[in-house]
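Structure at a glance
Spelled out, the chains give:
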Amino acid sequence: MKFVVDTNISFSAVLNTESKIGDLIMNSHGILEFHACDRLRSELKKHRPKLLELSKTTDEQLNQSEYQITKCLEFTNEALIPFEYWVKGANLVRDVDMNDIAFVTLAEFLGIKLWTGDRELMKGLAKKGYTNFITTDELYKLRTLLE
């Protein structure tokens, strides 16, 4: 099964590769497949100082964590996503958080669920009748069933 990973999930995994989220991303090969948009790479760069501060690791250790996580993701260039998906994504996140547009749009384009830990995003999307997302606990249970 395939899922889109948002910034929230990716940051959590990079900050602690031994967490449940890190485990799901790095140890689900052949069971689950994870996708992200190229925006994630720029988000990692943009927030690197904050990630370094939160992780309390060296630059080299953070590089290693980022590598371990990102090598497990299939990246899609947002420019390849047709305009109509961007319109749908914008309508879904407009009143919630426009920073999530690329991830919601990618999930729609690929026809797969968005894996997020962002409660506000989930609540906002659910208000609009959009339930094409999965939580970490749900995904962990799913992987256990599929193993």
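In what follows, the accompanying structure is described.

Here is what the cut-offs are and how they apply
- Residues numbered from 1 in each chain as written.
- Predicted model: local features only at pLDDT ≥ 70, side-chain atom pairs only at ≥ 80, totals over all residues.
- Heavy atoms only, no water.
- Helix = DSSP H or I, 4+ residues; strand = E, 2+ residues; numbered from the N terminus.
- Rg over C-alpha atoms; globule rule 2.2 N^0.38 Å.
- Buried < 20%, exposed > 50% of the residue type's maximum accessible area, 1.4 Å probe, protein only.
- Contact = heavy atoms within 4.5 Å.
- Lys, Arg positive; Asp, Glu negative; His and termini not counted.
- Charge placed at Lys NZ, Arg CZ, Asp CG, Glu CD.
- Salt bridge = Lys/Arg side-chain N within 4 Å of Asp/Glu carboxyl O.
- Polar contact = N/O pair within 3.5 Å; in protein donor to acceptor, adjacent residues only side chain to side chain.
- Core = buried A, V, L, I, M, F, W, Y, C linked by side-chain atoms within 4.5 Å.
- Pairing = 2+ DSSP bridges.
- Axes fitted to C-alpha atoms, helices over the stretch in contact; angles between N-to-C directions.
- Parallel < 35°, antiparallel > 145°, perpendicular 65-115°, else oblique.
- Left-handed = near helix turned anticlockwise from the far one by under 90°.

Turning our attention to the overall build of the chain. Of regular secondary structure, the chain possesses nine helices and five strands. Tracing the chain from N to C terminus, the helices and strands come up as β-α-α-β-α-α-α-β-α-α-β-α-β-α. Taken against the 2.2 N^0.38 rule, which gives 15 Å for 147 residues, the C-alpha radius of gyration of the chain at 15 Å falls within 12% of a compact globule. Dimensions of the chain, computed from the C-alpha atoms along their principal axes, are close to 40 × 35 × 30 Å. Sorting the 147 residues of the chain into buried and exposed places 46% on the buried side. The contacts in the chain between residues at least 6 apart in sequence include a share of 68% that link residues at least 24 apart. In the chain, which carries 19 positive and 22 negative side-chain charges, the distance between the mean positions of the two groups comes to 3 Å.

Attention now goes to the pattern of salt bridges. Going through the model one piece at a time under the given rule, you end up with eleven salt bridges. Note that K20 and D137 form a salt bridge whose closest N and O atoms lie 3.1 Å from each other. With K20 in helix α2 (residues 20-26) and D137 in helix α9 (residues 136-146), the pair connects residues that are 117 residues apart, well separated along the chain. We classify K20 as partly exposed; its relative accessible area is 37%.

So, on to the side chain of E78. Take E78: it is sitting in the loop between β3 (73-76) and α6 (83-93). Salt bridges are absent for the buried E78, whose nearest opposite-charge side chain, R39, sits at 6.2 Å. From its side chain, E78 meets the backbone nitrogen of D38 in a polar contact 3.4 Å long. E78 has contacts with C37, D38, R39, W86 and A102, leaving out every residue within four places of it along the chain.

Another point: the nonpolar core. Core analysis: the biggest nonpolar cluster contains 42 residues, and W115 and L139 have the highest contact counts within it. Looking at this core, the element that brings in the most residues is helix α7 (residues 101-110), giving six residues. Among residues more than four places away in sequence, those in contact with L139 are F3, L24, L32, F34, W115 and I134.

In a beta sheet, neighbouring strands pair by backbone hydrogen bonds and run either parallel or antiparallel. Pairing within the open sheet is parallel, and its five strands lie in the order β3-β2-β1-β4-β5. The sheet terminates laterally at β3 and β5 (133-134), the two strands that pair on one side only. Where strand β2 (residues 33-37) lies against β3, four bridges are found, and the strand directions are parallel. Across the sheet, the residue bridging to H35 is E74, located in β3.

Below, the discussion takes up the packing of α6 against α7. Two elements in contact, α6 and α7, have axes whose closest approach is 8 Å; the angle formed by their N-to-C orientations is 125°. With respect to their mutual orientation, α6 and α7 come out oblique. Once α6 is placed against α7, the crossing between them reads as right-handed. Here Y85, W86, K88, G89, A90, L92 and V93 of α6 come into contact with α7, specifically with I101, A102, V104, T105, E108 and F109.

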